[in-house]
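Structural description and commentary
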Amino acid sequence: MKAAVLTQAGTMPEYADFPEPQAVSGHVVVDIAAAGVHHLDLAKASGAFGNPGTLPYVIGADGVGRTSTGRRVFFTAPISPYGSWAERTLVPEQDLLDLSDDIDDVTAAALGNTGLAAWLALTWRANLQPGQNVLVLGATGALGSVAVQLAKALGAATVLAVDRDSDRLALSRQRGATDTVTITPDTDLVEAFRNTVDGRGFDVIIDPVWGEPALAAMRVAARGARHIQIGQSAAPTIELPADIIRAARLELLGFAHVDPPAEIRRNAYLKLTGLAATGALNVDTTVLPLADCQEAWEIQQQGSPRKLVLTP
């Protein structure tokens, strides 16, 4: 079969032949229809998390495809050395997730782990309730843009979208944000955040960035707020005064999409894709053929404003 094959850590994958996966007990071969492209794929291949594993191996952590019985599924964590940037892969049967019949393969793959992370961060981790206020940092990124839309769909009163690109933030308003704040060197973020919300502050903060934006968000947290820490695109560390945590009785909660139990993830993905199928949730995609995996790699390195999806 054809696949995006990594032969050496720290290099770019090559579009090449790779041995076909064979079904074994408890595992199924999935014919891939669409696969998501993630920063994590690049980070693993670079050796940022240590030895990237058995080489050569196929890049890719998740995707949408069909089993030999015709079941259409979303899969994650293929069995090494197989990955999702390929024509076929090998996946534990227990990890397969069903999706709405009415959603297309590309949109389902684009939501994938990114969409699941946004949904589960708001529901399972933050326990967002209707009428509460939500602040989304990194709101124009793949996760943040979905989080903005989901927060509104889940009944949030105020949804503040925060990021650096004012043009892309304008789209957030069209998709559910009640207000936006553009991060610039001159922006007083605390004051800007306060001006968009009632005196109670924000009940839920979705944070894939960390750094100074996260610290500013904590300063406008409502009492008992949940700050969901997902990533560190702005900075890996901050200096956090203790009184910020005490004053708001703030809950600082780490989160990764793999944390919830399988049944929670299964139900969440079905609801997520069902919502997208109705048009209530939009995800902007760029689709490239698997043969152009190196181009996708370069675009992802530079930072794509749209979710990249590969199709065999």
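Per chain, residue numbering runs from 1 following the sequence as it is written. Since the coordinates come from a predicted model, pLDDT governs what is reported: local features require at least 70, and pairs of side-chain atoms require 80 or more to be given and counted, while whole-chain, interface and lining totals use all residues. No hydrogens and no water enter the side-chain calculation; it runs on all heavy atoms of the structure.

1. A few points about the nonpolar core
Throughout this description, the term nonpolar core refers to a set of buried Ala, Val, Leu, Ile, Met, Phe, Trp, Tyr and Cys residues connected via side-chain atoms within 4.5 Å. Only protein chains enter the area calculation, which uses a 1.4 Å probe; residues under 20% of their type maximum are buried, those over 50% are exposed, and those in between are partly exposed. Counting residues in hydrophobic clusters, the biggest one holds 46 residues, and the most contacted among them are L111, L122, V134, L150, I206 and Y269. Numbering of helices and strands starts at the N terminus; helices are DSSP runs of H or I of at least 4 residues and strands are runs of E of at least 2. For this core, the elements supplying multiple residues, two or more each, are α2 (105–125), β9 (133–137), α3 (142–153), β10 (158–163), β12 (202–207) and α8 (262–277). Here this core takes 12 residues from α2, the largest share from any one element. Those residues in contact with L150 that sit more than four places away from it in its chain are G115, A118, W119, L122, L272, L275 and L281. Counting residues in hydrophobic clusters, the runner-up holds 31 residues, among them V5, F18, F75 and L310. The contact definition used throughout considers only heavy atoms, calling two residues in contact when any of these lie within 4.5 Å.

2. Here's the deal with helix α9 (residues 293–302)
Every α-helix winds through 3.6 residues per turn, so residues three or four apart in the chain are directed the same way. Taken residue by residue, α9 has C293, A296, W297 and Q300 as its buried positions. All buried residues of α9 lie within an arc of 105 degrees about the axis, which places them on one face of the element. Those residues of α9 that are buried are in contact with β1 (2–6), β2 (14–17), α1 (39–46), β15 (285–289) and β16 (307–311). Two residues or fewer past α9, G303 is found with a positive phi of approximately 100 degrees. The arc in question is traced by the directions running from the helix axis to the C-beta atoms.

3. Observations concerning the packing of aromatic side chains
Here is the rule: rings of Phe, Tyr and Trp (six-membered ring for Trp) pair when centre to centre is within 6.5 Å. Planes less than 30 degrees apart are stacked, more than 60 are edge-to-face, and the remainder are tilted. Counted by the stated rule, this structure contains 4 aromatic pairs. Centre to centre, the rings of F18 and Y82 are 5.8 Å apart; their planes meet at 90 degrees, and the pair counts as edge-to-face. Of this pair, F18 sits in the loop between β2 and β3 (27–36) while Y82 is found in the loop between β6 (72–76) and β7 (88–92), placing the two residues 64 residues apart along the sequence. Ring geometry for W124 against F255: centres 6.3 Å apart, planes inclined by 55 degrees, an arrangement best described as tilted. Note that W124 is positioned in helix α2 and F255 in the loop between β14 (251–254) and α8, a separation of 131 residues in sequence. A relative accessible area of 36% means that W124 is categorised as partly exposed. When its relative accessible area of 7% is taken as the criterion, F255 is described as buried.

4. Structural notes on the side chain of S172
As for its position among the elements, S172 is in helix α4 (residues 166–174). Residues in contact with S172, not counting those within four places in the same chain, are A139, T140, V148, A161 and A177.

5. Considering unusual backbone geometry
Following L55, the chain continues to P56 via a peptide bond in cis, the omega torsion being 0 degrees. Looking at the secondary structure, you find P56 in the loop between α1 and β4 (57–58). Note that the residue after S80, namely P81, is joined by a cis bond; omega there is 15 degrees. Relative to the helices and strands, P81 resides in the loop between β6 and β7. The backbone of A77 shows a phi angle near 55 degrees, a positive value even though the residue is not glycine. Relative to the assigned elements, A77 resides in the loop between β6 and β7. Backbone geometry places R249, a non-glycine residue, at a positive phi of 50 degrees. Assignment of secondary structure puts R249 in the loop between α7 (242–248) and β14.

6. Re the pattern of salt bridges
Salt bridge, as applied in this entry: a Lys or Arg side-chain nitrogen positioned within 4 Å of an Asp or Glu carboxyl oxygen. The tally for this structure, following the rule as stated, stands at 12 salt bridges. In this structure, D179 and R173 form a salt bridge, with 2.8 Å as the shortest nitrogen-oxygen distance. For R173, a relative accessible area of 44% gives the class partly exposed. Of the charged contacts in the structure, one is a salt bridge between D203 and R200, with a shortest N-O distance of 2.7 Å. Judged by relative accessible area, D203 falls into the buried class, the value being 6%. By relative accessible area, which is 40% here, R200 ends up partly exposed. Here the residues in one salt-bridge network are E20, D31, E87 and R88, joined through shared partners.

7. A short note on the pairing of strand β11 (residues 179–182)
Pairing of β10 with β11, which is carried by 4 bridges, proceeds in the parallel orientation. Paired with D163 across the two strands is T182, which belongs to β11. For the crossover from β10 across α4 to β11, the handedness is right-handed. Two strands make a pair as long as DSSP finds a minimum of two bridges between them. When the strands point away from the viewer, a crossover counts as right-handed if the route from the first strand across the helix to the second turns clockwise.

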